[in-house]
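# Working through the structure, step by step
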Amino acid sequence: MDITKFVVSHREKALLYGDYSTYHSQLSKKLLNCRKKLNIATKKRGTFHPRNQVTAEQVAEDHGYIHLQLLTAERTWADAMAVKAAHSVETKGIGGKTRSHIVSRLEKGARTAEQLAEVLAQTESGASSVDVLEARAYAALLRGAALFEKQHWEPCLKSYSIARIIYSALSTAAKNDIFKDLLSETIDPSIRYAAYQAQIPRTQPIAEIALKYFQHAGPELAAHIEKQNPAVLQHGDADAKQGAGGAPATLTWRGREVKIEDAAIAIAWAAVGAEKAKLAEKLSSAGSLVPRELAGAYDDILVASQDAVDATKQAIDELKSEGVPQSDSRMQSLQITRTAVNYEMISWRIGRNRALIGQDDGARLDFGAPIKKKKQQEQTGEASEDKGRDLTPGRQIAKLKEKVVLYDGILQSLESIKELPGVANDQELSAQLEATSQYFTALKCLAISRSHAIAGHAVNALALVKHALDQCKAALPVLSGDSHDGKPAPRNIQVTNQHAGLLRDILGGELQRSRALVEIHNSNKPTSASQTGGAGKPLSSQLLNYPAGGVDLNNIVTYPPQLEPIPVKPLFLDVAWNYIEYPAKQQRPAAAVQDKSKGTEKEPEPEAKPQKRGWFGFGR
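Residues numbered from 1 in each chain as written. Predicted model: local features only at pLDDT ≥ 70, side-chain atom pairs only at ≥ 80, totals over all residues. Heavy atoms only, no water.

What the chain contains, in helices and strands, is 23 helices and 2 strands. Taking all 620 residues of the chain together, 38% fall into the buried category. Total accessible area on the chain stands at roughly 38,300 Å², and carbon and sulfur atoms take up 52% of it. (Helix = DSSP H or I, 4+ residues; strand = E, 2+ residues; numbered from the N terminus. Buried < 20%, exposed > 50% of the residue type's maximum accessible area, 1.4 Å probe, protein only. Areas by Shrake-Rupley, 256 points an atom, 1.4 Å probe, with all protein chains shown as cover.)

Printed below as a string of structure tokens:
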């Protein structure tokens, strides 16, 4: 019959483009069409007759009677929600008459849903155990909403507890997200608020509260739930087995133990511990994994730690909204818890990046085999002797750039830890974080120096390797030893002195190699200059130029001397030309003057007319 799916789908479709008033009008049309199909609709201008209650035989004959009851209950609920939404914007809140109208609408819908649940519970209806549970949960949901508006907190908790237990059992049996959405969006917040009004401590989880108030539901309903999932009746929630009974009551951070007062934080912290154990077991049993597969194993613990961070932030926001000062003990405990859970989440984030980088945090030069070659090796069973030999220099530099990006992410995560409350005052932790930052800075410089070496920039590579070695030596005394007694453990923020010692040895070898390359490069410079410039100008012809690259003693002068043309006082002749008088030069100007005098006399030049200025003869 899918009662829950029928109700939720109608709500989502109507509220996607409209509001509760739109939903109410749509339900009225659908209710009329349903009555027409069942042939029980009142005709136009006909006399109204009171309708009889739906019987089990009618439900067995036609499931339209179930839809009739559901649409009737949903219409009253939509009417109540429309009135509540219209008056929620008022500053004075919802008044007495308005609240009584809302309560009457919700009670009418609850009565209709309870009648449907009673009919389906009869054997003549032919309903399954799941249908009975869904009808009972829907009726309890509407009854809880009515009691919530009446502010009767104890009965409200009983009704919502029945709905929560049933939907928890159905969510694990049917693997449907509809039940989980109802639990997380509607039922759990209502139970938490009602429990707060009933003065139930916040340390008690919602699952325990629901299990406590469900005991008044009766043995028949419990029998139906046991058929679906008996574990729900023991823990209150199939997903909260660890949180209900085995959730930690305290949290230890840097030698200080604080009490976990919020149940959501306790459940999330217990889930982090469980995922940590699963990750260690998975990595120990998986053997050798590709870096991407190894990093994928961290997804579950990252989600669990993020849930713990969100639960802590929500608890702090709730206390702030209540006006609790920062000096309060509860707020202080939550601040310590916030630092601890954020540190845990960032630690596993760094561990995931370290898994992506590869073995030994990328200290060894390993580019990885190409995908095609790797598949061939898996098929033939052969091992690759040199994984980076098939890669071009451009691909090798691209691989190193990817590692540099991961190192930058780790360094940013370490900086975010330093901003957490209380970290700056802890000198030991600050020194350890600084040493860890120096370790990954050394790895970053090593990767960049290798890219410079591949590109042929030996001097830049030498400078970066020297800086990386200095950073590694500064971090080595601060880093602690291995605390896992030789057992393999998932990588996180913790860096041991074994890792730093290995990096120091590798950097020492890289430093000697880079120095040798620079020495070879420098020794080849004069040789190449003498080979290319041996036939050039000797030193004696370049006395005005300072020899910045050194003096080539093999090319001081040209010997034996060769016959070469040289300029003979060109500047003196050019300047003296104006002062030299030759006999022929005195006659030529006189003859030129006589020729000019024999020519025609110059005609008088006409008088210049004034030129017009502008378009019309005047202007500037």
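All right, on to the side chain of Ser-449 then. Topologically, Ser-449 is positioned in helix H19 (residues 427–455). What makes Ser-449 buried here is its relative accessible area of 2%.

On to the pattern of salt bridges. This structure, assessed with the given rule, holds 24 salt bridges. Salt-bridge contacts for Asp-188 lead to Arg-164; the nearest nitrogen and oxygen are separated by 2.7 Å. Taken together, the positions of Asp-188 in helix H8 (residues 177–197) and Arg-164 in helix H7 (residues 153–174) put the pair 24 residues apart, joining distant regions of the chain. Comparing Asp-188 with Arg-164 shows no difference in burial state: the two are buried. (Salt bridge = Lys/Arg side-chain N within 4 Å of Asp/Glu carboxyl O.)

Turning next to helix H4 (residues 64–87). A rise of 1.5 Å per residue sets the reference length of H4, with its 24 residues, at 34 Å; its end C-alpha atoms lie 35 Å apart and thus fit the reference within 8%. Counting buried residues along H4, 18 of its 24 residues qualify, which places the element largely inside the surrounding structure. (Expected span 1.5 Å × (residues − 1).)

Here we take up unusual backbone geometry. Across residues other than glycine, the phi torsion is negative in most instances, and most of the peptide bonds are trans. In this chain, Tyr-559 is followed by Pro-560 through a cis amide linkage whose omega measures -5°. Structurally, the position occupied by Pro-560 is in the loop between helix H21 (497–533) and helix H22 (570–576). Backbone geometry at Asp-361 places phi at a positive 60°, although glycine is not the residue there. With respect to the element layout, Asp-361 can be found in the loop between helix H16 (329–357) and helix H17 (371–380).

Turning to a negative patch on the surface, a few remarks are in order. A cluster of acidic side chains, namely Glu-12, Asp-177, Asp-181 and Glu-185, defines a negative patch on the protein surface. Along the chain, Asp-177 turns up in helix H8. (Patch = residues over 30% accessible without salt bridge, like charges linked within 9 Å, V, L, I, M, F, W, Y side chains within 5 Å. Lys, Arg positive; Asp, Glu negative; His and termini not counted. Charge placed at Lys NZ, Arg CZ, Asp CG, Glu CD.)

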